[in-house]
Amino acid sequence: MQIRFTKMQGAGNDFVVLDETQGRLNLTPAHYRLLADRHFGVGADQILSVRPAPTPEVDFEYVIHNADGGEVQQCGNGARCFARYVRERGLTHKDRIRVQTRAGVITLQLTPDGEVTVDMGCPVFEPARVPFDTRGLQPVPQGSGQKWPLMLDGQAQAAPVFVSVVSMGNPHAVLLVEDVDTAPVAQLGPWIESHPRFPERVNVGFLQVVARDHVRLRVYERGVGETLACGTGACAAVAVGVRLGLLDHAVQVDTRGGRLRIAWGGRDADPVFMTGPATTVFEGQIRLPDTL
Ligand SMILES: N[C@H](CCC[C@H](N)C(=O)O)C(=O)O
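Residues numbered from 1 in each chain as written. Predicted model: local features only at pLDDT ≥ 70, side-chain atom pairs only at ≥ 80, totals over all residues. Heavy atoms only, no water.

The name given to the chain in an unreviewed UniProt entry is Diaminopimelate epimerase, and the organism recorded there is Extensimonas vulgaris. Under Sequence similarities (unreviewed entry), UniProt gives the following word-for-word description of the chain: "Belongs to the diaminopimelate epimerase family." According to its UniProt record, the chain has this under Function (unreviewed entry): "Catalyzes the stereoinversion of LL-2,6-diaminopimelate (L,L-DAP) to meso-diaminopimelate (meso-DAP), a precursor of L-lysine and an essential component of the bacterial peptidoglycan." (UniProt positions renumbered as here; feature names shortened; annotations may be inferred.)

The structure is reproduced here in C-alpha cells:
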C-alpha cells in the first residue's frame, strides 16, 4: 500500500504524522515499526495518527504509537505538532483545539509567536520514591564512556538510586542528577525502563536543577530509547521538582533538542502547561507491504 505522511519535529523529538480523518489505514504494530525505522522506513520516535472526533466535545482523536510499534497514552511534543498539522492542512481553523487521547482530553492552543501551548492535564504521583539497588547492574562494557562502579554525580553508587514516579497519562520515573551530560542514561535508562517494578515499562527522566526556574533534562523514552526531547517527560520532571521544593511554578526546560517552557501550580488538581515549538520538516509517500 502507498501512504502519504508528514514528517514533523518538536524540540528534536520527531514524528511521522498520518491523516486518518477520511478513513483508517488499518496499520499493524509491524507497520508502525517500519515507518519509524531510520534505515528501512521514514524514521521517527513516534507515529501520530489524526482521526475524526469520537464525540462532539472534541475536535479530533489523537493516537500515538512508539517506534517499537506499541500504542501509548500521551505524547507532549507530538501534541504541539498535531496542532500545527491540522491547521496547516486546513482540517480546522481554530486556534484552540481539543483532542481525545488515551489519557483523556487535552487542549492545544496556537500562540501568536508560532509556538503551541498544551494543557497536559494533572500529574499523578505515586506516593513513595522508589529505591533501585544499582548493585544489580552489570558492569558497563569497557570504552562505553560510563564509569563503573556506577558513578552518579561523581559518587560511586553502591547505595540505591531513588526515582520519583509520576504519570502524565503515561508513566515517568524521574531521578535527580548533578550533570545531565555525565548522567548514566545509556546504562540506567534501559534498566529502569524495563524493570519489573514497572509492568507497563516506564519513561526515565534525568533531571538537573540549574536554578529554581531552569532545568536541564534527558529522557530515555519507553519504547524508543533516548530522544532529543520528551514533552510529557518535561512535564513530569518539573512536577517532581516543584513537589520536592526545588523549583518555582514556571520553569525553562533545556533538552538536547531545544527549549520547552513548563508551568504547574503545584497542587494535584492543577494542570501542567507545556509551551514549545512544532515544525513541519517534509511531506512524503511510502510504499508499505499490505501485510506485515
Ligand atoms: N515514549 C512515551 C510516548 C511519547 C512521549 C514523548 N515523545 C513526549 O513528547 O511526551 C511513552 O511510551 O509513554
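Having put the structure on the table, let's press on.
Asker: Please provide a residue-by-residue account of the side chain of His-172, values included.
Answerer: The residue His-172 is located in strand E14 (residues 171-176) in this model. The contact partners of His-172, leaving out residues within four places of it in the chain, are Ser-164, Val-165, Val-166, Val-202, Asn-203, Cys-230, Thr-232, Gly-233 and Ala-236. (Helix = DSSP H or I, 4+ residues; strand = E, 2+ residues; numbered from the N terminus. Contact = heavy atoms within 4.5 Å.)

Asker: Explain the site of the ligand to me, and be specific about the residues and the numbers.
Answerer: Surveying the vicinity of the ligand reveals 15 residues, the closest of which are Asn-13, Gly-76, Glu-221, Arg-222 and Thr-232. Gln-46 is positioned such that a nitrogen or oxygen atom in its side chain is 3.1 Å from a nitrogen atom of the ligand. Gly-231 is positioned with one of its backbone polar atoms (N or O) 2.8 Å from an oxygen atom of the ligand. Its free accessible area being 370 Å², the ligand has 100% of it covered by the protein chains. Only helix H2 (76-88) and helix H4 (231-243) provide two or more residues apiece to the shell around the ligand. For the shell around the ligand, a count of residues per class yields three nonpolar, 10 polar and two charged. Of the domains in this structure, domain 1 (2-115 + 278-287) and domain 2 (127-269) are the two that each give at least three residues to the shell around the ligand. (Near = heavy atom within 4 Å. Polar contact = N/O pair within 3.5 Å; in protein donor to acceptor, adjacent residues only side chain to side chain. Areas by Shrake-Rupley, 256 points an atom, 1.4 Å probe, with all protein chains shown as cover. Nonpolar A, V, L, I, M, F, W, Y, C, P; charged D, E, K, R; others polar. Domains from an automatic or database assignment.)

Asker: So what's going on with the domain arrangement of the chain? Residues and values would help.
Answerer: Per the domain assignment, the segments of the chain are domain 1 (2-115 + 278-287) and domain 2 (127-269). Contacts between the two partners involve 18 residues from domain 1, matched on the other side by 21 residues from domain 2. Both sides of the domain 1 and domain 2 interface together cover about 1200 Å² of buried area, and 43% of this is carbon and sulfur. Contact with domain 2 buries area across many residues of domain 1, yet Ala-11, Gln-73 and Gln-74 alone supply 33% of it, more than any other trio. Remark: the boundary between domain 1 and domain 2 carries two salt bridges. Connecting domain 1 to domain 2 are seven residue pairs in polar contact (both at pLDDT 80 or more). Sort the elements by how many residues they give to the side of domain 1 that touches domain 2 and H2 lands first, with three residues. Taken together, the residues of the side of domain 1 that touches domain 2 sort by class into five nonpolar, nine polar and four charged. (Buried area = accessible area lost by both parts, 1.4 Å probe. Salt bridge = Lys/Arg side-chain N within 4 Å of Asp/Glu carboxyl O.)

Asker: Just give me the short version of the side chain of Thr-117, but keep the residues and values in it.
Answerer: Tracing the chain through its elements places Thr-117 in strand E8 (residues 116-119). A polar atom in the side chain of Thr-117 sits 2.6 Å from the side chain of Thr-275. Those residues within four positions of Thr-117 in sequence are excluded, and the remaining contacts are Thr-107, Leu-108, Gln-109, Thr-111, Phe-273, Met-274 and Thr-275.

Asker: Account for the nonpolar core, with residues named and values stated.
Answerer: Counting residues in hydrophobic clusters, the biggest one holds 51 residues, and the most contacted among them are Tyr-62, Leu-108 and Val-253. At eight residues, the largest contribution of residues to this core is made by H4. Both domains that meet at this core, namely domain 1 (2-115 + 278-287) and domain 2 (127-269), each give it at least three residues. Leave out the neighbours within four places in its chain, and Val-253 touches Val-215, Leu-217, Ala-234, Val-238, Gly-258, Arg-259, Leu-260 and Ile-262. Core analysis: the second largest hydrophobic core is formed by 18 residues, Val-130, Val-180, Val-204 and Tyr-220 among them. (Core = buried A, V, L, I, M, F, W, Y, C linked by side-chain atoms within 4.5 Å. Buried < 20%, exposed > 50% of the residue type's maximum accessible area, 1.4 Å probe, protein only.)

Asker: Go over the UniProt feature "binding site: substrate" (unreviewed entry) in the chain with me, naming the residues and quoting the values.
Answerer: Per the UniProt entry, the sites bearing "binding site: substrate" (unreviewed entry) are Asn-13, Gln-46, Asn-66, Gly-76, Asn-77, Asn-170, Asn-203, Glu-221, Arg-222, Gly-231 and Thr-232 in this numbering. Among the secondary structure elements, Asn-77 is positioned in helix H2. In this view, Asn-77 contacts Gly-10, Asn-13, Phe-15, Ala-229, Cys-230, Gly-231, Leu-260 and Met-274; residues no more than four positions away in its chain are not counted. Within the secondary structure, Arg-222 is located in the loop between strand E16 (214-221) and strand E17 (225-227). Of the residues examined, Arg-222 reaches a relative accessible area of 5% and is grouped as buried. Once residues lying within four places of it in the same chain are set aside, the contact partners of Arg-222 are Asn-66, Val-72, Gln-73, Asn-170, Pro-171, Glu-193, Glu-200, Arg-201, Val-202 and Asn-203. In terms of polar contacts, Arg-222 uses its side chain to reach the backbone carbonyl oxygen of Glu-200, at 3.0 Å.

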